[in-house]
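Structural overview
Now for the letters of each chain:
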Amino acid sequence: MIAILIRRIASLIITLLVVSLLIFVVMDLLPGDPASVMLGTSASPETLAALQKQLGLDQPLPVRYLAWLAGVFRGDLGQSYTYGVPVAGLMAERLAVTLPLALMAVVMSVGLAIPLGVAAARRRNGVVDHLIGLVSYIGIAVPAFWVGLLLIIAFSTMLGWMPAGGFPGWDAGVFEGLKALVLPAVALALPQAGVLTRVARTAVIEVMGEDFVRTARAKGLSESLAVWRHAVPNALVPVVTMLGMQFTFLIAGAVLVENVFNLPGLGRLAYQALSQRDLIVMQDVVLFFAALVIVVNFLVDLAYLAIDPRLRTAV
Amino acid sequence: MRSTGILGALSRRMLIGGAVVLGMAASFSTNALAAPKTGAVIGMAVEPGGLDPTIGAQVMIGQVTWQNIFEGLTTIDKAGKVQPQLAESWTISPDGLTYTFKLRQGVTFHNGVAFDSSVAKFTIDRARGADSANPQKRYFASIASVETPDPATLILTLSRPTGSLLYWLGWPASVMVEPKSAADNKVTPVGTGPFKFVNWAKGSKVDLAKNPDYWNKAVSVKLDTASFRFIGDPQAQAAALKAGDVDAFPEFGAPELVKSFEGDKKLSTVIGNTELKVVAGMNNTRKPFSDKKVRQALMMAVDRATVVEGAWSGYGTPIGSHYTPNDRGYKDLTGTWPYDAAKAKALLAEAGYPNGFSFTMKAPQMAYAQRSSQILQAMFAEIGVTMNIETTEFPAKWVADVLKAADYDMTIVAHAEPMDIDIYARDPYYFNYKNPAFNDLLAKVEATSDAAEQDKLYGEAQTILANDVPALFLFVMPKLGIWDAKLKGLWENEPIPSNVLTEVHWEE
């Protein structure tokens with residue numbers, strides 16, 4: 001068990017190093033540089049050279065890479081070229097939006113998907129199953145940003161219940177902050193919930209055919225108890241797997257949804273940094289996302305161990 | 001039972017997740033909302049990168065800070081005219097080489113530092129120095145020396161007459177900054193203007209508050225607070241306006257949505273002019289665009305009214321040269337090469353291309369550029385010219401490929417800088433247009449400080465461009481202003497990219 005953990009952590013670190021190099025090289029290959037974006041259409045070549053020197057962009061690639069990496073190890077993510085402030089602080093501000101958003105979306109999608117999936121599985125091929133199937137397929141088919149636009153039209157423009165976008169900041173109050181995140185979280189959660197519902201349904205159907213569920217019924221448990229206490233927990237492995245895989249889509253979706261709802265989150269920061277060629281911010285954000293995906297996958301593996309004790313003894 | 005344990009663990013994890021959200025939220029203090037009607041929320045499509053107009057070229061920097069936080073020796077009023085500001089008055093020597101400014105006394109920066117001639121000298125030397133990153137450094141190139149005989153006097157000695165100097169000193173890139181705070185202006189701008197910088201929630205908004213010690217007692221600033229909120233998506237902009245989250249969008253992003261505001265009594269739609277000239281630049285040294293007749297033929301193949309209709313829902317004014325109706329000495333030259341496909345085809349044959357030719361348009365991703373390109377493509381097809389559209393990411397890739405490398409056939413972009421007809425005299429510049437007669441005219445504009453003479457020369461310069469067609473001159477972008485009907489005092493036109501809040505107020 002410990003040996004597995006150590007091996008996994010070592011490979012995690014190596015993966016991150018390789019990813020960091022890839023990110024750096026890809027960012028450098030992008031056409032355009034931050035200095036010329038900042039100076040616009042009127043600047044002379046001398047002015048451009050002066051600014052590049054001030055930003056440290058005149059250094060060769062390996063020097064810049066090592067300086068960045070050394071900084072990351074020390075916890076210094078560098079200074080944003082466009083904003084002129086430390087990237088770490090910039091990312092922390094943005095995480096205070098994206099993290100609650102992602103958590104809300106995960107909670108919503110799991111909260112929707114498991115009851116729906118179980119309900120569909122229990123009334124397999126019945127009207128309820130087909131109805132849930134239809135709704136979940138629609139959820140899968142429509143992109144999150146479009147759901148977001150519809151939600152804005154319905155709840156902000158027409159009903160006026162919710163802000164149309166933007167984020168008042170947590171200093172405007174917890175309630176105001178959470179309120180601004182509800183619609184975007186729904187937009188993010190619905191497509192996820194669609195996928196998870198399908199997976200949960202299939203998994204529960206499969207488990208319900210197993211001997212131990214029959215035994216549970218045979219010993220006199222009610223159908224509900226048999227399903228919720230025996231079938232559902234054993235059907236969780238594929239659901240958690242899917243949740244881990246969907247996490248990547250959640251991040252990608254956050255970039256779009258944050259743009260639609262005008263939320264100052266990490267996804268929007270990445271998008272802005274890309275268009276401004278704020279390379280250092282791009283590198284840090286992408287590295288963070290990569291680390292997040294790798295760590296989440298690692299945690300999913302750990303979750304298997306928690307859910308399925310048989311895996312704990314396997315090498 | 002193990003299985004319940006797992007469910008329990010799962011819900012525990014959810015609980016922890018919820019607790020994290022609440023804990024994070026609770027750790028921020030709560031603030032009372034500002035009293036209504038003495039504050040205004042202004043919407044902008046793009047957030048500026050940095051808030052120092054003296055080191056960044058983006059028009060958004062000026063749109064937040066110019067005249068609100070920062071002021072210059074001179075300023076530019078809503079009619080586009082030069083007015084005194086931190087310089088009370090000035091005299092120009094007869095040879096046009098010495099400018100003596102009398103500086104305003106009793107002006108302080110937001111951090112308490114007094115404005116005087118040493119500050120003005122610092123600002124100008126910083127902008128023209130060797131390691132200056134000022135985007136308009138060229139405007140200071142003719143300044144040979146800066147003297148400060150006393151705190152209220154500033155003398156600029158020029159190496160050559162510069163007729164546009166006073167105008168350029170009014171630009172966002174020329175605003176006064178003081179030595180102590182200059183390095184941090186990018187993040188925490190400190191100026192002399194009617195509003196102080198309060199906070200920048202990056203990615204979201206910039207907050208300003210009224211400067212109680214503002215020097216100019218002749219104006220009464222009505223707003224106590226002002227926020228610039230950044231909303232990129234046009235649908236989201238419209239939703240924010242309709243929901244009242246934003247009081248004004250002075251430059252609304254989607255002309256096709258403007259009609260949807262009609263009939264909304266709460267909002268008023270105000271359509272003005274900008275300085276954004278949409279032109280399809282051609283590589284004047286690359287065949288076949290090196291042939292003037294080809295460029296003229298392409299210009300005749302274009303029906304500007306259709307371009308304006310298709311690209312910007314009919315809002316926008318056609319132009320015949322690189323000049324807008326806002327600009328001094330404007331001439332309407334749209335009739336120089338009026339739309340006539342048959343004549344265009346004949347001229348193309350005369351130039352040696354009876355069967356047309358094909359080329360690539362590098363079009364930025366912005367809606368106006370993409371839509372204009374598609375319309376141009378159809379119009380060129382009518383005279384047998386095939387245009388392939390290659391979308392080129394703006395600004396980064398466009399700046400690298402088109403502006404710096406001039407590796408393109410044709411491109412399309414809106415030039416934002418006011419009175420920038422001189423770009424056709426720059427060498428190198430991406431048009432690769434070279435006409436000594438045109439360069440001479442612009443040199444003459446700088447050599448004189450007689451306004452009437454300058455206007456006449458600008459007229460001649462416009463005529464040369466209209467004839468030579470170094471770029472297809474299409475239209476001026478409108479300023480699609482949509483704001484709360486009770487909000488008054490915003491500028492209708494935009495002779496210089498800005499959102500001047502000095503006179504903004506709420507009607508009772």
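Being a predicted model, the structure only gives us computed values, none of them experimental.

**So, the overall build of chain B**
Broken down by element type, chain B carries 13 helices and 20 strands. Over its C-alpha trace chain B gives a radius of gyration of 26 Å, about what one expects of a compact globule, namely 23 Å for 508 residues. Each principal axis of the C-alpha distribution contributes one length, and for chain B these read about 85 × 80 × 45 Å. When the 508 residues of chain B are sorted by exposure, 48% land in the buried category. For chain B, contacts bridging at least 24 residues in sequence account for 71% of all contacts bridging at least 6.

**So, the overall build of chain A**
Helix and strand content of chain A: 14 helices and zero strands. Secondary structure of chain A in N-to-C order comes out as α-α-α-α-α-α-α-α-α-α-α-α-α-α. Classification of the 315 residues of chain A by burial places 42% in the buried group. A separation of at least 24 residues holds for 71% of the contacts in chain A among residues at least 6 apart in sequence.

**Re the nonpolar core**
Core analysis: the largest hydrophobic core is formed by 220 residues, its most contacted members being A200 and V204 of chain A together with L472 of chain B. In this view, L472 of chain B contacts V279, A280, L298, M299 and V302 of chain B; residues no more than four positions away in its chain are not counted.

**Comments concerning the UniProt feature "transmembrane region" (unreviewed entry) in chain A**
All names here are of chain A. UniProt annotation of "transmembrane region" (unreviewed entry) refers to residues 12–30, 95–119, 131–161, 181–200, 235–257 and 285–307 when read in the numbering used here. Here residues 95–119 is 100% helix and 0% strand, with 35 Å between the C-alpha atoms at its ends. Taken end to end, residues 131–161 comprises 84% helix and 0% strand; its first and last C-alpha atoms sit 29 Å apart.

**Section: the UniProt feature "domain: ABC transmembrane type-1" (unreviewed entry) in chain A**
The feature "domain: ABC transmembrane type-1" (unreviewed entry), as given by UniProt, occupies residues 95–304 of chain A in the numbering adopted here. Helix makes up 83% of residues 95–304 of chain A and strand 0%, with an end-to-end C-alpha separation of 27 Å.

**Concerning the domain arrangement of chain A**
Residue and element names in this part refer to chain A. Segmenting chain A into domains produces domain 1 (2–74) and domain 2 (91–314). Of note, the centres of domain 1 and domain 2, computed from C-alpha atoms alone, are 32 Å apart. In this assembly, 15 residues from domain 1 lie in contact with 13 residues from domain 2. Where the side of domain 1 that touches domain 2 is concerned, the elements lending two or more residues are α1 (2–29) and α2 (34–39). For the side of domain 1 that touches domain 2, the element with the highest residue contribution is α1, accounting for nine residues.

**A few points about the environment of L103 of chain B**
All names here are of chain B. Inspection of the secondary structure puts L103 in strand β5 (residues 98–103). Given 23 C-beta atoms within a 10 Å radius, L103 is considered buried. Taking the C-alpha atoms as reference, L103 lies 4.3 Å from A87; in sequence the two are 16 residues apart.

**Some details on the UniProt feature "domain: Solute-binding protein family" (unreviewed entry) in chain B**
According to UniProt, the positions carrying the feature "domain: Solute-binding protein family" (unreviewed entry) are residues 81–419 of chain B. Secondary structure across residues 81–419 of chain B divides into 24% helix and 25% strand, with the first and last C-alpha atoms of the span separated by 12 Å.

**Section: the packing of helix α11 (residues 236–260) of chain A against helix α12 (residues 266–276) of chain A**
Helix packing geometry: the angle between the two helix axes and the distance between the axes. All names here are of chain A. Two elements in contact, α11 and α12, have axes whose closest approach is 7 Å; the angle formed by their N-to-C orientations is 85 degrees. Taken together, the axes of α11 and α12 lie roughly perpendicular to each other. Contacts between α11 and α12 pair A254, V255, E258 and N259 from the former with G267, R268, A270 and Y271 from the latter. Residues that form the contact of α11 with α12 fall into these classes: four nonpolar, two polar and two charged.

**Quick look at the sheet that holds strand β16 (residues 410–411) of chain B**
Sheet strands pair via backbone hydrogen bonds, and the direction of the pair is either parallel or antiparallel. All names here are of chain B. Spatially, three strands are ordered β15-β14-β16 in an open sheet, and the strand pairing comes out parallel. What marks the edges here is a single partner per strand, and that holds for β15 (386–391) and β16. Here two bridges tie strand β14 (residues 358–363) to β16, and the two strands are oriented parallel to one another. Along β16, the bridge assignment pairs K362 with T411. Strand contacts of helix α10 (residues 367–382): β14 and β15, with the helix running at about 165 degrees to β15, the strand carrying the most contacts.

**Re the interface of chain B and chain A**
At the interface, 56 residues of chain B touch 60 residues of chain A. The set of elements that each furnish at least two residues to the side of chain B that touches chain A consists of α1 (2–26), α6 (234–243) and α11 (396–404) of chain B. For the side of chain B that touches chain A, the leading source of residues is α1 of chain B, giving 12 residues. Class assignment for the residues of the side of chain B that touches chain A results in 25 nonpolar, 17 polar and 14 charged.

**Let's talk about the sheet that holds strand β7 (residues 153–158) of chain B**
All names here are of chain B. Read from one edge to the other, the open sheet built from four strands follows the order β4-β5-β7-β6, with strand pairing classed as antiparallel. The outermost strands of the open sheet, each flanked by one partner alone, are β4 (87–92) and β6 (143–150). Taken pair by pair, the neighbouring strands of this sheet meet at an average axis angle of 20 degrees, ignoring direction. Two strands pair when backbone bridges link them, and β6 and β7 are joined in this way by five bridges, in the antiparallel orientation.

**With respect to the domain arrangement of chain B**
All names here are of chain B. By the assigned domains, chain B splits into domain 1 (59–184), domain 2 (194–273 + 480–506) and domain 3 (275–476). Just the C-alpha atoms count here: the centres of domain 1 and domain 3 sit 33 Å apart. Looking at side-chain class alone, the side of domain 1 that touches domain 3 contains three nonpolar, five polar and no charged residues.

**Structural notes on the pairing of β14 of chain B**
Residue and element names in this part refer to chain B. Bridge analysis of β14 against β15 gives six bridges, and the strand direction is parallel. Looking at β15, one finds that M361 is bridged to I389. Chirality of the crossover, the property in question, places the unit of β14, α10 and β15 among those that are right-handed.

**Here's the deal with the pairing of β7 of chain B**
Residues and elements named next belong to chain B. Because side chains alternate across β7, one face comprises the buried residues L154, L156 and L158, and the other comprises T153, I155 and T157, none of which is buried. The pairing of β5 with β7 spans five bridges and is antiparallel. Looking at β7, one finds that T100 is bridged to I155. As consecutive antiparallel partners, β6 and β7 are separated by two residues.

**Describing helix α13 (residues 279–307) of chain A**
In an α-helix there are 3.6 residues to a turn, and that puts residues three or four apart on one side. With 29 residues, α13 of chain A extends 41 Å from end C-alpha to end C-alpha; this agrees with the ideal 42 Å at 1.5 Å per step. All buried positions along α13 of chain A are accounted for by L279, I280, V281, M282, Q283, D284, V285, V286, L287, F289, A303 and I307 of chain A.

**So, unusual backbone geometry**
That bond from F394 of chain B to P395 of chain B is cis: its omega, 0 degrees, falls within 30 degrees of zero. Along the chain, D427 of chain B connects to P428 of chain B via a cis peptide bond; the corresponding omega equals 5 degrees. Among the secondary structure elements, P428 of chain B is positioned in the loop between β17 (413–415) and α12 (436–447). Its identity is not glycine, yet N125 of chain A carries a phi of approximately 65 degrees, on the positive side. Here N125 of chain A lies in the loop between α5 (87–122) and α6 (127–141). Even without being a glycine, Q67 of chain B presents a positive backbone phi close to 70 degrees. With respect to the secondary-structure elements, Q67 of chain B resides in the loop between α2 (59–65) and β2 (74–76).

**A short note on the confidence of the model for chain B**
Residues and elements named next belong to chain B. Across chain B, the average pLDDT comes to 90, with 93% of residues at or above 70. Taken together, the stretch residues 1–35 has pLDDT below 50 and engages in 32 contacts with residues farther than four places along the chain or on a different chain. Both scores are given for the predicted complex: the pTM is 0.81, the ipTM 0.71.

**Quick word on the environment of A152 of chain B**
All names here are of chain B. Assignment of secondary structure puts A152 in the loop between β6 and β7. When the 14 C-beta atoms within 10 Å are taken as the criterion, A152 is described as partly exposed. Sequence spacing of A152 and D116 is 36 residues, and the spatial spacing of their C-alpha atoms is 6.0 Å.

Conventions used here
Residues numbered from 1 in each chain as written. Chains lettered and ligands numbered in written order. Predicted model: local features only at pLDDT ≥ 70, side-chain atom pairs only at ≥ 80, totals over all residues. Helix = DSSP H or I, 4+ residues; strand = E, 2+ residues; numbered from the N terminus. Rg over C-alpha atoms; globule rule 2.2 N^0.38 Å. Buried ≥ 20, exposed ≤ 12 C-beta atoms within 10 Å, placed from the backbone. Contact = placed C-beta atoms within 7 Å. Core = buried A, V, L, I, M, F, W, Y, C linked by C-beta atoms within 7 Å. UniProt positions renumbered as here; feature names shortened; annotations may be inferred. Domains from an automatic or database assignment. Axes fitted to C-alpha atoms, helices over the stretch in contact; angles between N-to-C directions. Parallel < 35°, antiparallel > 145°, perpendicular 65-115°, else oblique. Nonpolar A, V, L, I, M, F, W, Y, C, P; charged D, E, K, R; others polar. Pairing = 2+ DSSP bridges. Right-handed = clockwise from strand over helix to strand, strands pointing away. Expected span 1.5 Å × (residues − 1). pLDDT = per-residue confidence, 0-100.

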